[in-house]
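Single-letter residue listing:
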Amino acid sequence: NVQRSGFCAIRSSEFPFGGADLGGRYNALEITCRSDGRPYSVNLKCESFIQGDLFQCFIDIPPTIIDPLNEQDKLTGGRFDQVILLFNHFIVTSGGRVRSTQRVLDNRVKIQSIGFTLMDGINGNFQFDLARIRAVNYDETGVIGDVD
């Protein structure tokens, strides 16, 4: 008997015209979210000659969703944080397993879809609120040209 639990995933539809072509202009994704503190993965399906490959990186931040019994938190629901995921920190997976041979996700990526997965094996409620995803350039000083 095999039982699975603590798993939830959502994925966007495939982007039109073959995907979102970043054309070498960006080196990271900025995810604006609030989280219950559980580890969520960001999954990028990119144009590739190998079918089924996903590039994956983890959002593992302290909880930013605050106690709903607190009157102030009822109004705000917690705070949103910006999480920067550098493309070169993504790993290649296939069928839920890390590939033994890794390829670098460079900034010439063409994103076909994006998804989020919770797969910590823990039953129970979860909450991950997504406000925005954007491609950015990032260096040791932060986001470069922080204008939308």
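Rules and cut-offs
Residues numbered from 1 in each chain as written. Predicted model: local features only at pLDDT ≥ 70, side-chain atom pairs only at ≥ 80, totals over all residues. Heavy atoms only, no water. 1 Å grid on protein atoms, 1.4 Å probe; cavity = no way out; pocket = protein on both sides within 12 Å on 5 of 7 lines; lining within 4 Å. Points joined across faces, edges and corners; volume = space filled by probe spheres on them. Helix = DSSP H or I, 4+ residues; strand = E, 2+ residues; numbered from the N terminus. Nonpolar A, V, L, I, M, F, W, Y, C, P; charged D, E, K, R; others polar. Buried < 20%, exposed > 50% of the residue type's maximum accessible area, 1.4 Å probe, protein only. Contact = heavy atoms within 4.5 Å. Polar contact = N/O pair within 3.5 Å; in protein donor to acceptor, adjacent residues only side chain to side chain. Phe/Tyr/Trp six-rings, centres within 6.5 Å; stacked < 30°, edge-to-face > 60°. Pairing = 2+ DSSP bridges.

Caption draft 1: Up close: the layout of surface pockets. When its volume is computed, the largest pocket comes out at roughly 390 Å³. Along the walls of the largest pocket sit 21 residues, with Phe-7, Leu-54, Gln-56, Gly-96 and Thr-117 positioned nearest its centre. For the lining of the largest pocket, the secondary structure elements donating two or more residues are strand E1 (7–11), strand E4 (40–46), strand E5 (53–59), strand E7 (91–94), strand E8 (97–98) and strand E9 (110–119). Its residues assigned to classes, the lining of the largest pocket shows seven nonpolar, 10 polar and four charged. By volume, the second largest pocket amounts to about 210 Å³. Lining of the second largest pocket is provided by Cys-8, Ala-9, Ile-10, Tyr-40, Ile-114, Phe-116, Thr-117, Leu-118, Phe-126, Phe-128, Leu-130 and Ile-133.

Caption draft 2: Structural view of the environment of Thr-117. In this structure, Thr-117 sits in strand E9. Relative accessible area serves as the criterion here: at 9%, Thr-117 is assigned to the buried category. Spatially, the C-alpha atom of Thr-117 lies 7.2 Å from that of Phe-7, the residues being 110 residues apart in sequence. Residues contacting Thr-117, with those up to four places away along its chain left out, are Phe-7, Cys-8, Ala-9, Pro-39, Tyr-40, Ser-41 and Asn-43. Of note is the side chain of Thr-117, whose polar atom sits 2.8 Å from the side chain of Asn-43.

Caption draft 3: The arrangement of the packing of aromatic side chains in detail. Taken as a whole and judged by the stated rule, the model has three aromatic pairs. With 6.3 Å between their ring centres and 45° between their planes, Phe-87 and Phe-90 make a pair best called tilted. For the residue pair Phe-87 and Phe-90, the accessibility class agrees, reading buried in each case. Clustering of aromatic rings is evident, with ring pairs tying together Tyr-40, Phe-116 and Phe-128.

Caption draft 4: Expanded view of the pairing of E7. Relative to E7, E5 runs antiparallel, the two sharing four bridges. When the bridges of E7 are listed, Gln-56 appears paired with Ile-91. Here two bridges tie E7 to E8, and the two strands are oriented antiparallel to one another. Looking at the pairing, Ser-94 lines up with Arg-97 of E8. Linkage of E7 to E8, two consecutive antiparallel strands, is achieved through a turn of two residues, within which Gly-95 is found at a positive phi near 60°.

Geometric descriptors of this kind do not, in isolation, establish any biological role.
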